[in-house]
Structures are given as C-alpha cells and as structure tokens.
Amino acid sequence: MRYKLAVILSAFSFITLSSIPVYAVDESAADLVARGRLHLSDITDAINKKYHGQKENYWDIASIAYHDFTGVPEVDVVVGLEGYHDKGGVYNDGKQVVEDAGAGFGYFHREKDEWKLKQVELVKGKKYDGFEGADLIGLAKDQLVVYSSTDNQKFATVYMVPLDHVLKQVAVMEGKDFGPRVAQSDNKALMVDFRRALVSNCDDCQIFFGHAYHWQDHHFLPEANDFLDAVDQYAKADLDSDTLQKGLSWFENYLAVHPKDFCALANCYELSQKLNLTDKAAAYKTKLLKLGTDAELNLKYCDQWLSDRNRTFQQEYLDDLVGKTKTHEHRSNDL
C-alpha cells in the first residue's frame, strides 16, 4: 500500500513521564514543517532505500523536537516515527484495521541554514512509545533515547552523536513491566528499568521500583538489586510449595531489616495466602492496615508522576484489603 505521513504536532505523553532538563527538548521544532523547512517525504525515501520489506507499512510522524546534541541551539531536530501495517480489514465506515509495525526516527541537522536529513533508523520493538534527549554518558551533551515496545517487552535504544552528526547506537536497554526510562539521581540523568515490586501477577495493581544502570566501560551496567530479583523469582506462575516457602522466608528476612517496607509486607501477605497460612496472612494484613500509607515505599529514581502513581496503587491495595473496592479482588489467586 502507499506510504502515508501524517504530522501530529501535539507533544507525546512519554516525555512528560521522565524528569529531564528543560533545555533538552523543544517541541517548537514542529513549526519547521509548517514553514516547509523540513521535507518529510525524504524520510519515506530513506526508509524505502535502507529498510527492505517495509513497503507494506506506513509511517506516522508521532513527534518532532529540537535536541541539544551539539551544544549549538536549534541545529538538531528528531522526528519520531511510528509504523503501522494494514491488516486488510475495514470497520466503522471504512476505517482500516492496522497493527503496530515498528518504531524509529529521522534526524535532521541544519547546515548553512538548510535542514538536511542525515539518517533514518528503525529500532527494536513493534510499537513506538516516544523519545527524549539526556546526557547519560557524561559528555555534557544529549544522547537520543528512543522508546519502543512489543507486548510486555519494553526497549530504550540509546544513540550518541559524534562530530560527523550521524547518530551511532550505543546500547539497547530491554525490560518489562513499566520498562526502562531516563531518570534523575543527584541532578544527573541515568537509565533506570522500572520493575514490579509486588509478587502479585495483577498487572493493574502494580507498584514499580527503579533498577538503575550506570555507564561504565562503554556499557550500561546494572546496580545490584536483590529485592527486585526476588520479586521476579517468586512472582512466577505455578511455583511449588517449597519454592513459595523460600520466597516467604526471603521477604521475612528482608522485613527484619526493613520492618515498615510496604511491598515486603504485601509480598509476605501474598505468599502466606498462596501457602494457605491463614494465621500468618492475617497477621501481615493487620500490619499493613495498621501502617496504612505510613508504610514505606521505595520511590528512589521515580519522577513525580510515577511516585504519585505508586502511592495511588498503594492506597488501592489497602482499600482492597478491607473490601472498599472490588477492582482487584482475589489478587493472590493469580500468583
């Protein structure tokens, strides 16, 4: 089918979910299209030449923004691309049935007052989730981070801009749950994979903690995080009683050091329920309700949006325990 390029000039939501310097993104770059300065048809031509087998897809322009890659204001523009594949069906007065077919970006650089398309890249993942710029490597200029996903797999592909203004891929961060995002620590940007902190498999009632990665020896290396590793291990389906008991013991040992940790208490309650330890489950439920929202949440690396979301789901979890809501009933049965 024919390619289609539709310009969406509104800001995409994922930029707002991460704490980044305000100078890193300037959405006013979209005005360059309206004034005929950026030629979006060049992107179509570049995809045709570089990526074979894409002719049945069409590409929407999801976002356009200036980025501070070079330290020179308003000479770098990134165009976010989201791809769709026509499935051949129609509904609702002729609307096409489509599926996500990819994510990527086009990079324009201004040379002698002319905007030239330097490159087009497609990234891992079928769905486009946004992009942003941040200095993750300590070069005092932004790298480009493109977000994408395939089902529950989440990706953050990181590019740096050398002197020749051709973006070079330096890493692909893979995660699940809320996924990898740019975050802040001590006023510095870093990559953080936000993972589930509850062993409950209820996707709609999760709390997410950050698993940080730091740039060392030309790689993003993860911090040790035994808590999130334990959650990942003991949240798996169809665990036998011996494994569940090991999980309960692990979180009880963690509670001995962190007695007010909300997620550790909740995990002890969930695992006790699964093991049919009625008295123990009742004791953990009592502790959870007694502490309420005074129980501690690990919000390190979370921006304000994710911090508020985690607190909201903490309250929903407590409400469920006393039967105030029915949204997530029988969550422990989903383990």
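Everything discussed here concerns the structure shown above.
Colleague: Describe the layout of surface pockets, with residues and values.
Modeller: Counted as a void, the largest pocket has a volume near 270 Å³. Along its surface, the largest pocket is lined by 16 residues, and Asn152, Lys176, Asp177, Arg196 and Asp232 are the ones closest to its centre. Elements with a minimum of two residues in the lining of the largest pocket: strand S11 (188-196), strand S12 (208-216) and helix H4 (226-234). In terms of residue class, the lining of the largest pocket is made up of four nonpolar, four polar and eight charged.

Colleague: Describe in detail the sheet that holds strand S7 (residues 143-150), supporting the description with residues and values.
Modeller: One open sheet accounts for four strands, arranged S6-S7-S8-S9; its pairing is antiparallel. In the strand order of this sheet, the two ends are held by strand S6 (127-134) and strand S9 (168-175), each with one partner. For this sheet, the mean angle separating the axes of adjacent strands, direction not counted, is 20 degrees. As paired strands, S6 and S7 are joined by seven bridges and run antiparallel to one another. Looking at the pairing, Ala134 lines up with Gln143 of S7.

Colleague: Describe the pairing of strand S2 (residues 57-67), listing the residues and the values that go with them.
Modeller: In terms of burial, S2 is a largely internal element, eleven of the eleven residues being buried. Across nine bridges, S2 lies against strand S3 (residues 76-91) in antiparallel orientation. Bridge assignment links Asp60 to a residue of S3, and that residue is Glu82.

Reading the values: the criteria
- Residues numbered from 1 in each chain as written.
- Predicted model: local features only at pLDDT ≥ 70, side-chain atom pairs only at ≥ 80, totals over all residues.
- Heavy atoms only, no water.
- 1 Å grid on protein atoms, 1.4 Å probe; cavity = no way out; pocket = protein on both sides within 12 Å on 5 of 7 lines; lining within 4 Å.
- Points joined across faces, edges and corners; volume = space filled by probe spheres on them.
- Helix = DSSP H or I, 4+ residues; strand = E, 2+ residues; numbered from the N terminus.
- Nonpolar A, V, L, I, M, F, W, Y, C, P; charged D, E, K, R; others polar.
- Pairing = 2+ DSSP bridges.
- Axes fitted to C-alpha atoms, helices over the stretch in contact; angles between N-to-C directions.
- Buried < 20%, exposed > 50% of the residue type's maximum accessible area, 1.4 Å probe, protein only.

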